[in-house]
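Overview (structure and organization)
Letter by letter, the chains look like this.
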Amino acid sequence: MPETKEILPITIYLNQKIVFDLLAVIDDGFSQVTKLNISNQEGKKNGVDGSAEIGISNAFGLFGVKSKINARKEKTQTESSSKSEEKVHTPTSLFVKLLSYLEEINLVKDINNKSNLINLKSGEFVRFSSTLEQNPLVSLLESLEQIGVMAIRLESESKKKSKAQKEDQNILKQIKGMRKSLTQHDMIDLISTIKTSHETIKAVLPVYIDFFFNRSMNEIIDGNYTVVGKVVKVVLDQTDSINLFRNTGFKLFKQNALEEMFTSFNDQVDEQLELPEIITRINEPALLVIPIAIYS
């Protein structure tokens, strides 16, 4: 895969906290802004002042670190000069710096086929190109919620309150409650599909809404993006899988009970609606990855 700097990535998702933490470990602190000011006048003893500021300010209020070092040296000059420099890193440029460092010491493993998973261990950095989609159940509930809101508004315009309308409102409340239970703490699972010539590899990415550009996931749907992250689970055994409801109350249900519930739900929905296939687990070959960045 080409070097990161040659790609000039446009990040759609970037976990700044992870980037800043790892850079702090590597560099033993941050050097975000550097200024140098020199001012001298002819025939006089003058001072040269230099200052280096270390500071980081995160849009999400993750943390702030600030330090300042001053130095002064006196000398006599006959010329006058003034120079001011300032260098500021954006979150994406810091990510490029981090990824370039990981590439230089060969800590990033590219996932292109199933054989790349055989010796892969939890805790290793990975990179892969894939298509992305939301947890199908979350997508379904969001769509039904929007349809329900529109239906109730149309019914309210008729100025007729009926028993059916009250039932629709109760159903809408249940849908909202179920959706919220699947997106606790503004975290949601993305399902990444890595297609190769012979097979398909799935990767589950738990992401936080706050780290998306404009807090919106709309841009990543149906697109092909590069994902960089850290592996926390590798699934190569048919007896193992990744539970998409592992962080919700649904994790208490057995697999068969969930499948029967969602099958019954699909049978009761209007045939005019094209519903996504509801899956509860991701089987092998699969990865569970904490994403650091998603970019194009």
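Residues numbered from 1 in each chain as written. Predicted model: local features only at pLDDT ≥ 70, side-chain atom pairs only at ≥ 80, totals over all residues. Heavy atoms only, no water.

Before going further, it helps to examine the pattern of salt bridges. Here the structure, examined in full by the defined rule, presents 10 salt bridges. In this structure, the salt-bridge partner of Arg-127 is Asp-110, at a minimum N-O distance of 2.7 Å. One end of the pair, Arg-127, is in strand S6 (residues 125–134); the other, Asp-110, is in strand S5 (residues 108–110), with 17 residues separating them in the sequence. Assessed through its relative accessible area of 4%, Arg-127 is described here as buried. When the shortest N-O distance is used, the salt bridge between Asp-210 and Arg-215 registers 2.7 Å. Its relative accessible area of 44% is what places Arg-215 among the partly exposed residues. One continuous salt-bridge network, built from bridges that share partners, spans Glu-103, Asp-110 and Arg-127. (Salt bridge = Lys/Arg side-chain N within 4 Å of Asp/Glu carboxyl O. Helix = DSSP H or I, 4+ residues; strand = E, 2+ residues; numbered from the N terminus. Buried < 20%, exposed > 50% of the residue type's maximum accessible area, 1.4 Å probe, protein only.)

Attention now goes to the pairing of strand S8 (residues 200–208). For a regular strand, side chains alternate in direction, first toward one face of the sheet and then toward the other. As judged from the 9 bridges shared by strand S7 (residues 187–195) and S8, these two strands associate in the antiparallel manner. Looking at the pairing, Ile-191 lines up with Val-204 of S8. The hairpin formed by S7 and S8 contains 4 residues between the paired strands. In terms of strand pairing, S8 meets strand S12 (residues 286–295) through 3 bridges, oriented parallel. Residue Ala-203 lies in a different strand from S12, and its bridge partner there is Leu-287. (Pairing = 2+ DSSP bridges.)

What the second largest pocket holds in volume is close to 280 Å³. Lining the second largest pocket are 12 residues, with Glu-133, Gln-134, Ser-139, Ile-221 and Asp-222 sitting closest to its centre. Sorting the residues of the lining of the second largest pocket by element identifies S6, helix H5 (136–157) and S7 as the ones contributing at least two each. Counting residues per element, the lining of the second largest pocket draws most heavily on S6, at 4 residues. Here the residues of the lining of the second largest pocket are counted per class, giving 5 nonpolar, 4 polar and 3 charged. (1 Å grid on protein atoms, 1.4 Å probe; cavity = no way out; pocket = protein on both sides within 12 Å on 5 of 7 lines; lining within 4 Å. Points joined across faces, edges and corners; volume = space filled by probe spheres on them. Nonpolar A, V, L, I, M, F, W, Y, C, P; charged D, E, K, R; others polar.)

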